[in-house]
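Coordinate inspection notes
Residues per chain, in single letters:
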Amino acid sequence: EKLEEKRQAALEELRAKQQEAAEAAQEAGTSAPAPNLEDEDDIDEEELVEVSLTKEEADEAQQAGEEEAEGDEATQAVVDKLAEIRRVLAMKQKPATAEAVEPPNPKDKKKAAPKPAKKAPTEPVDAKPDPGKDRLSDRALGIMLRWKLTRTECRNQGWVLDGYPKTIRQARLAFEDGTLEVPEDPEEAEPPMEEEKPYADALIPEFVIHARASDTFLLERLLKTQQEHPHNTPGDFQRRLEAYKNNYEVPLGVVQHLESARSVAGKAAHVKAFDMEAAPLVPPPPPKSAHQARPVDPTVQRIIEYIGKPRNFGATPEDAQQEAERNRLLQAELRAEADLEKQAACDREAADVQAAEQSRTAEAARVRAMKDAERAMLEQRKGPLKQYLMENVIPVLTKGLIEVCNARPEDPVDFLAEWLFRHNPEDHPELYA
């Protein structure tokens, strides 16, 4: 409010100066453009008077706001919650130093504890940047997780934690009965864990799925997915694998702790291990359609069958609406694909009919060409025979046939034979000269 008051005062002063400059220009007989006093955006920011609050004004405004917030319980609750959230977000993991690399074993009496060095290093042992320096502490994660698991959506629809907890400490901070206090100083060291308590009834998990696989399978899978996850280098993977083995593959590991844990009311988690060796090294490819459900791995399907059908309240109205919309779009896409396939089949059938017609036309043309070639060959071959008949047989035979027609004997064939015998051109050449 104070900033707005100072800004309005500066604008009024600027308008007055511009008005005086315009009046002076009119008295001098010169024309000057009229200033636009209505549009504040046209005023250059360089001509504005500085409107920042002084330190005394800022302190006075902050004190007034605090006094007003103290009288409002809801506002004060929001302020306290925001301050608590800031303290939780400031709870970071502490980097490991050289003193903490190999702590002395109090049970080992033969080996003396190492003497402290004259100059204790203040920097972490590893010269490389510590990837965990910006990570939240276990207590901060526990506070956030407990808050989230007690929300309405998690209590009604359930929840899934993937890869968490990684240690028994994280499991206890996340699920034990009671409350986790937020320290006033986020930089102070985390207090040691107290005596084990039963888990809270609202937080204890109903199922714990332990996925197991050999190191060879995991390394092969790492090589297959290296391009998709370039941050997961073999060195980082080996470090994570060693941390997993130290917390899980021990006589009293995280799985055994969760299996033996009981809630205040006596509830226990159902723990079951699944062998992932039969699972594919890489996930199955996504479906062609964006609206089609992704295929489920057989091992994951066995896990789903072990857990059983969904319980509690099921899907929310928004989820049901999204699922209905997805099914509608999927059916529309399937119908469009079916129409395209049907049209493609019709096009292929029409193309086959056209190709068959063209084949029949080409075959008919080939047959006609063969017949024409045979006819031409026959015409060429019968030319000498025709000439021979026309020169030696047809003239005599024509006269004989004429005589047969004139005489009309009872036996025309015998008559023609006798006539040809009597009129042989070799015996009577003068008749045909």
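Here, the structure is the one placed above.
This one's a predicted model, so the numbers in the text were calculated from it and none came from an experiment. (Residues numbered from 1 in each chain as written. Predicted model: local features only at pLDDT ≥ 70, side-chain atom pairs only at ≥ 80, totals over all residues. Heavy atoms only, no water.)

**Observations concerning the overall build of the protein chain**
Counted only if it meets this: Helix numbers and strand numbers start at the N terminus; a helix is a DSSP run of H or I with at least 4 residues, a strand a run of E with at least 2. Working definition: with a 1.4 Å probe on protein chains only, accessible area under 20% of the residue-type maximum means buried, over 50% means exposed, and in between means partly exposed. Here, two residues are considered to be in contact whenever any of their heavy atoms come within 4.5 Å of each other.
Each helix and strand counted, the protein chain has 13 helices and 2 strands in total. Scored against the burial criterion, the 433 residues of the protein chain give a buried share of 16%. Look at the contacts in the protein chain between residues 6 or more apart in sequence, and 69% of them connect residues 24 or more apart.

**Notes on the packing of helix α7 (residues 215-224) against helix α8 (residues 234-248)**
Threshold: Only C-alpha atoms enter the line fits that serve as axes; for helices the fit covers just the stretch in contact. Angles between N-to-C directions range over 0 to 180 degrees. Any angle between 65 and 115 degrees counts as roughly perpendicular, while under 35 counts as roughly parallel, over 145 as roughly antiparallel, and the rest as oblique. Working rule for handedness: look at the near helix, and if it is turned counterclockwise from the far one by less than a right angle, call the crossing left-handed; if clockwise, right-handed. In this classification, Asp, Glu, Lys and Arg are treated as charged, Ala, Val, Leu, Ile, Met, Phe, Trp, Tyr, Cys and Pro as nonpolar, and every other residue, Gly included, as polar.
Interhelical geometry of α7 versus α8 gives an angle of 150 degrees and a closest axis separation of 11 Å. By the angle between their directions, the pair α7 and α8 is classed as roughly antiparallel. α7 and α8 meet at a crossing whose hand is right-handed. Residues Asp215, Leu218, Leu219 and Leu222 of α7 touch α8, and the partners they reach there are Pro234, Phe237, Leu241 and Lys245. Its residues assigned to classes, the contact of α7 with α8 shows 6 nonpolar, no polar and 2 charged.

**Some remarks on helix α6 (residues 168-175)**
Among the 8 residues that make up α6, 6 are buried, leaving the element largely enclosed by the rest of the structure. Regarding α6, the residues found buried are Gln170, Ala171, Arg172, Leu173, Ala174 and Phe175. Close packing links the buried residues of α6 with α4 (138-149) and α9 (254-260).

**Comments concerning a negative patch on the surface**
Here is the rule: Residues with no salt bridge and a relative accessible area higher than 30% make up the patches, which join like charges within 9 Å and nonpolar side chains (Val, Leu, Ile, Met, Phe, Trp, Tyr) within 5 Å. Computed with the Shrake-Rupley method and a 1.4 Å probe, the accessible areas treat only the protein chains shown as cover for residues. Whenever Lys or Arg places a side-chain nitrogen within 4 Å of a carboxyl oxygen from Asp or Glu, that contact is recorded as a salt bridge. We score Asp and Glu as negative and Lys and Arg as positive, and we do not count His or the chain ends. In this description, the location of a charge corresponds to atom NZ of lysine, CZ of arginine, CG of aspartate or CD of glutamate.
On the surface, a cluster of negative charge is contributed by Glu184, Asp185, Glu187 and Glu188. Here Asp185 lies in the loop between α6 and β1 (207-212). Owing to a relative accessible area of 38%, Asp185 belongs among the partly exposed residues under this scheme.

**With respect to the packing of aromatic side chains**
Quick reminder of the rule: Any pair of Phe, Tyr and Trp rings, taking the six-membered ring for Trp, is counted once the centres come within 6.5 Å. Such a pair is stacked with planes under 30 degrees apart, edge-to-face with planes over 60 apart, and tilted for the rest. Both a distance and an angle decide whether a charge sits over a ring: NZ of Lys or CZ of Arg must be within 6 Å of the ring centre and within 35 degrees of the ring normal.
Applying the stated criterion to the full structure yields 5 aromatic pairs. Taking the centre distance of 4.8 Å and the plane angle of 20 degrees together, the rings of Tyr244 and Tyr248 count as stacked. Residue Tyr244 and its partner Tyr248 are both found in helix α8; the two are separated by 4 residues, about one turn of the helix. The class for Tyr244 is partly exposed, based on a relative accessible area of 26%. On the numbers, 6.0 Å between centres and 70 degrees between planes, the contact of Phe274 with Tyr306 is edge-to-face. Note that Phe274 is positioned in strand β2 (residues 270-275) and Tyr306 in helix α10 (residues 298-307), a separation of 32 residues in sequence. Looking at Phe274, the relative accessible area reads 3%, which means it is buried. Taken together, Trp159, Phe175 and Tyr199 form an aromatic cluster joined through their ring pairs. Sitting over the face of the ring of Phe274, Lys272 holds its NZ or CZ atom 5.6 Å from the ring centroid. Lys272 extends its terminal NZ or CZ atom over the ring of Tyr306, reaching a point 5.7 Å from the ring centre.

**What about the environment of Val182?**
With respect to the element layout, Val182 can be found in the loop between α6 and β1. Here Val182 falls in the buried class, since its relative accessible area comes to 13%. Taking the C-alpha atoms as reference, Val182 lies 9.0 Å from Ile85; in sequence the two are 97 residues apart. When near neighbours in sequence (up to four residues on either side) are disregarded, Val182 contacts Glu84, Arg87, Val88 and Ile143.

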